[in-house]
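Structural overview for review
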Amino acid sequence: MSHLQPVRGTRDLIGGTCRRFRHIARTAADTAALYGFEEIETPLLESSAVFLRTLGETSDVVSKQMYVFQDRGGDEITLRPEGTAGVARAFISEGLGQHLPLKLFYAGPMFRYERPQKGRYRQFQQFGVELLGVDSVQADIEVIAAAARVLRALKVDHLAKLQLNTIGDQESREAYRRNLVAYLRGHVAELSEDSRARLEKNPLRILDSKDDGDRATLRNAPRFEEFLNEASKAFFARLQDGLSGLGLAFEIDPLLVRGLDYYCHTVFEFTTDAIGAQNALLAGGRYDGLIKSMGGPPTPGVGWAAGTDRLELVIPELTPAPRPVSIVPLGEAAEREAPALGERLRAAGLRVDIGYGGNMSKRMKRADKIGARAAVILGEAELAKGVAQIKDLRQGTQREVALADLAKELARDD
Ligand code: AMP
């Protein structure tokens, strides 16, 4: 690896790409605010224990993907691979249990040591919501509605399909797990190595396998729905009714499970055909066992996380940023005057670039290159008269304007 290249799986986001990322984060935050989600920003660094306990030691994230290091004081630290565990840690350490129900929104970078490909990076950005303290299905319906509204606000709703499943309550899951393991034991020879390793420790994860052989074996595996108890069935039925009532279309995917160990009942994903292999745009579910498993007060929760990098690949082009005006000072006196003129115009809300060195033609070229809509030409003669020339770079016309009227005239042209 060359040390002057970005680290594998990380990227420099520059100019227009940065603007698209910011647009996504801002649209998501504004939409979440419509539902009363408050922002939370947890540290990028957490004690490794935060993830070991919550994600489960056999999960892919913990066993293969975490950036773990010992800091100079000898503490085991992890660069956060996802947002929920940190929010749950903050919930406990900040005593947020006093304020239930709690609706939180977050956005920021996450880190996973995965094999990079289109839509999959080692540093990537997510935003997400968590709704804590509500065990009724209303919460699931609301967070899914919020997800759908974010995708609509980003104009990608026509590309995204909602996939839904239930993994039931604990009792249902135990019953299913026993039956699934019994079935898969009979097909051990056909399973991939990863799935074989999961068979005893985390068999539900096998449902998630992308391996073709595993998927063929799973086709005849027992189905979760056969093992759901009445309470779990009722919960899932109410969820589907609620979503239909809001006009949200969904498909049921019986193989959809979450890679993380603390989920129950609702599991969902918005997927797209527009990217290729990395087809999940947003994924979430209910995680009633999480906060208790971390040593906090038993607190139900439901939430989701979306991948900003993947959304950036599919959102339409943004309306271009407003074009700036370029001040072109000619001569020493004008150059001295240009910064103050720039400040006055910016105070009036205009975007202003000042052509630095070179002759008139060089500075006009710069104005052109940055997409300026007008050049404000300030020469010695103009300065002495208290005027400037406004050259409209779209029409090629030029007119003389008093310096005192510049801001008004330029704003009128925009
Ligand atoms: P997860 O936390 O794995 O449920 O992921 C939630 C969302 O984050 C996914 O649906 C993706 O859109 C996004 N995501 C997860 N991992 C990556 C990655 N390595 N690179 C880019 N986006 C990712």
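Below or above, wherever it landed, is the structure these notes cover. (Residues numbered from 1 in each chain as written. Predicted model: local features only at pLDDT ≥ 70, side-chain atom pairs only at ≥ 80, totals over all residues. Heavy atoms only, no water.)

1. Regarding the environment of Arg205
For the record, the criterion: Under the DSSP-based scheme used, a helix requires at least four consecutive residues in state H or I and a strand at least two consecutive residues in state E, with every element numbered from the N terminus.
Summarising the element assignment, Arg205 is placed in the loop between helix H7 (193–201) and helix H8 (212–218). Residues Arg205 and Leu255, spaced 50 residues apart in sequence, show a C-alpha to C-alpha distance of 9.8 Å.

2. Things to note about the sheet that holds strand S1 (residues 38–39)
Inclusion rule: Strands were regarded as paired on the criterion that DSSP finds at least two bridges between them.
The strand order across the open sheet formed by eight strands is S1-S5-S6-S11-S10-S9-S7-S8, and the pairing between neighbours is mixed. Of all the strands in the sheet, just S1 and strand S8 (251–252) have a single pairing partner and so form its edges. As paired strands, S1 and strand S5 (residues 102–111) are joined by two bridges and run parallel to one another. Paired with Glu38 across the two strands is Leu104, which belongs to S5.

3. Considering the pattern of salt bridges
Convention followed: What counts as a salt bridge is simple: a side-chain nitrogen of Lys or Arg found within 4 Å of a carboxyl oxygen of Asp or Glu. For every residue, the accessible area (1.4 Å probe, protein chains only) is compared with the maximum for its type, and the residue is labelled buried under 20%, exposed over 50%, or partly exposed between those bounds.
Under the defined criterion, the tally for this structure stands at 19 salt bridges. Glu142 is the partner of Lys103 in a salt bridge, and the nearest nitrogen-oxygen pair spans 3.1 Å. Of the two residues, Lys103 sits in strand S5 while Glu142 sits in helix H5 (residues 137–153), which places them 39 residues apart along the sequence. On the basis of relative accessible area, Glu142 is assigned to the partly exposed category, the value being 27%.

4. Overview of a positive patch on the surface
Operational definition: Two distance rules govern patches: like charges are joined within 9 Å, and nonpolar side chains (Val, Leu, Ile, Met, Phe, Trp, Tyr) within 5 Å, applied only to residues with over 30% relative accessible area and no salt bridge. Residue burial considers only the protein chains on display, and all accessible areas are found by Shrake-Rupley using a 1.4 Å probe. Counting rule applied: Lys, Arg positive; Asp, Glu negative; His and chain ends not counted. Every charge is mapped onto a representative atom, which is NZ of Lys, CZ of Arg, CG of Asp or CD of Glu.
A contiguous patch of positive charge on the surface is contributed by Arg19, Arg22, Arg26 and Arg351. Mapping Arg26 onto the fold places it in helix H1 (residues 16–34).

5. Here we look at the sheet that holds strand S16 (residues 398–402)
Test applied: The axes are straight lines fitted to the C-alpha atoms, using for helices just the contacting stretch, and the angles between their N-to-C directions are given from 0 to 180°.
If you trace the five strands from one edge of the open sheet to the other, you get S13-S12-S14-S15-S16, paired in mixed fashion. At either margin of the open sheet sits one strand with a lone partner, and together these are strand S13 (352–354) and S16. Strand-to-strand twist across the sheet, computed as the mean angle between neighbouring axes with direction ignored, equals 25°. Relative to strand S15 (residues 387–392), strand S14 (residues 374–378) runs antiparallel, the two sharing four bridges. Bridging from a neighbouring strand, Val376 pairs with Ile390 of S15.

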